[in-house]
Amino acid sequence: MIDTQATKLLQRELSTAVPPGDLIFLVNGHRDGANYAASRGATVLNIINLLTAAGVDYRNFRSLLDFGCGCGRILAGWEHLIDGSTKLHGFDINPTLIEFCQKNIPFARTAVSSYFPPLPLADGSVDFAYAGSVWTHLSLPASMQWAGEFARLIATGGIAMVSYHGSYFAPTLAQNSKEGSQQLEERGFYLHLHGSATDTFDGSNHYATFMTSAFMRQLFAGFEVVRIYPGVSHGPNPFASYQDIAILRRI
Ligand SMILES: C[S@@+](CC[C@H](N)C(=O)[O-])C[C@H]1O[C@@H](n2cnc3c(N)ncnc32)[C@H](O)[C@@H]1O
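Residues numbered from 1 in each chain as written. Predicted model: local features only at pLDDT ≥ 70, side-chain atom pairs only at ≥ 80, totals over all residues. Heavy atoms only, no water.

A. The site of the ligand, seen in detail. Around the ligand lies a shell of 22 residues, among which Gly68, Arg73, Asp92, Tyr115 and Gly132 are the nearest. Separating a nitrogen atom of the ligand from a backbone N or O atom of glycine 68 is a distance of 2.8 Å. Measuring from an oxygen atom of the ligand, one finds a side-chain N or O atom of arginine 73 at 2.8 Å. Alone, the ligand offers 600 Å² of accessible surface; in the complex the protein occludes 96% of this. Taken together, the elements giving at least two residues each to the shell around the ligand come down to helix H2 (21-28) and helix H4 (73-77). Looking at side-chain class alone, the shell around the ligand contains 10 nonpolar, 10 polar and 2 charged residues. (Near = heavy atom within 4 Å. Polar contact = N/O pair within 3.5 Å; in protein donor to acceptor, adjacent residues only side chain to side chain. Areas by Shrake-Rupley, 256 points an atom, 1.4 Å probe, with all protein chains shown as cover. Helix = DSSP H or I, 4+ residues; strand = E, 2+ residues; numbered from the N terminus. Nonpolar A, V, L, I, M, F, W, Y, C, P; charged D, E, K, R; others polar.)

B. Structural detail: the packing of H2 against helix H5 (residues 95-104). Interaxial distance between H2 and H5 falls to 11 Å at its minimum, and their mutual angle equals 120 degrees. You can see that H2 and H5 cross each other, and the crossing is left-handed. Along the contact surface, H2 presents Leu23, Leu26 and Val27, while H5 presents Thr96, Leu97 and Phe100. Here the contact of H2 with H5 is built from residues that sort into 5 nonpolar, 1 polar and no charged. (Axes fitted to C-alpha atoms, helices over the stretch in contact; angles between N-to-C directions. Left-handed = near helix turned anticlockwise from the far one by under 90°. Contact = heavy atoms within 4.5 Å.)

C. Representation of the nonpolar core within the structure. Counting 34 residues, the largest nonpolar core has Ile47, Leu51, Trp78, Phe128, Tyr130 and Met161 as the members making the most contacts within it. Sorting the residues of this core by element identifies helix H3 (33-53), H4, H5, strand S4 (126-131), strand S5 (154-164) and strand S9 (244-250) as the ones contributing at least two each. With 6 residues, H3 is the largest single contributor of residues to this core. Residue contacts for tyrosine 130: discarding those within four places in its chain leaves Ile47, Leu65, Asp66, Phe67, Ile74, Leu75, Trp78, Phe150, Met161 and Phe239. By size, the runner-up hydrophobic cluster in this structure holds 31 residues, among which are Leu119, Trp146, Ala160 and Phe215. (Core = buried A, V, L, I, M, F, W, Y, C linked by side-chain atoms within 4.5 Å. Buried < 20%, exposed > 50% of the residue type's maximum accessible area, 1.4 Å probe, protein only.)

D. Quick peek at the environment of asparagine 49. Here asparagine 49 shows up in helix H3. When the C-alpha atoms of asparagine 49 and alanine 240 are compared, they prove to be 14 Å apart, with 191 residues separating the residues in sequence.

E. Highlighting the packing of aromatic side chains. According to the stated counting rule, one finds 17 aromatic pairs in the structure shown. Ring geometry for tyrosine 115 versus phenylalanine 116: centroids 4.9 Å apart, planes at 80 degrees, classification edge-to-face. Take phenylalanine 116: its relative accessible area is 31%, and that puts it in the partly exposed class. Taken together, the aromatic side chains of Tyr58, Phe61, Trp78, Phe128, Tyr130 and Phe239 make up a single cluster linked through ring pairs. Lying over the aromatic face of phenylalanine 223, arginine 250 brings its terminal NZ or CZ to 5.7 Å of the ring centre. (Phe/Tyr/Trp six-rings, centres within 6.5 Å; stacked < 30°, edge-to-face > 60°. Lys NZ or Arg CZ within 6 Å of the ring centre and 35° of its normal.)

F. Representation of the pattern of salt bridges within the structure. According to the stated counting rule, one finds 6 salt bridges in the structure shown. Where glutamate 99 meets lysine 103, a salt bridge forms, and the shortest distance between an N and an O atom there is 2.9 Å. Here lysine 103 and glutamate 99 lie together in helix H5, a separation of 4 residues that amounts to about one turn. Relative accessible area serves as the criterion here: at 39%, glutamate 99 is assigned to the partly exposed category. Through salt bridges with shared partners, a single ionic network connects Asp123, Glu149 and Arg152. (Salt bridge = Lys/Arg side-chain N within 4 Å of Asp/Glu carboxyl O.)

In structure tokens:
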């Protein structure tokens, strides 16, 4: 389902500068500025179309939260779709990425956050919170605590959109890690560390988290599942490539 009004608005040029390649690499794993630039509006359109197909109208949102916003790839894409009465929040643990957001995306309120909750936002103050490729890097305690924080922040009837390494990645994991695949099957959750923990930090892309949709449902207690878009049938897409995408409603 295509939102033609949003498609038209997203044809307008974005005023946000494109970050240097090293920042792009931290969030997207490549350094291609043109590809990154094009993905900003395309991702917001992707979000809107997935919401619309699930029966959710993004125009009702007055307070949006981009959790793990990186250097504001998705935040930048909202420029022509929100007016001054809509709050657009972004948080990330990486100060370099947030510094870029603060200098270049004046219509978003961005700040550095900690690896664990809370965020400095009031209970029930968010209508729509999304996280693109963030639960894909969180430990089990962080995954659980952030799901709880989403439940605290999102107003009743509000929406969460979360991506995770799911249906598309399970066969790849089975090929590469017997132990990982077994853990995923038995527990519904598996955290893989590329390299050594001493060479990296919590939340970095060296951590790859996998989960089943059944596990995701348990994690997001307090939400009903509106729709799950499996990566196997809906990837690649600009929001989260081949990851599964869950749309959840706060009950
Ligand atoms: C793969 S990047 C995706 C960035 C952005 N969502 C996008 O799609 O362009 C993952 C981001 O999550 C951030 N992150 C990881 N753990 C976090 C946490 N506990 N709280 C906030 N941000 C976190 C990382 O710093 C990084 O910017």
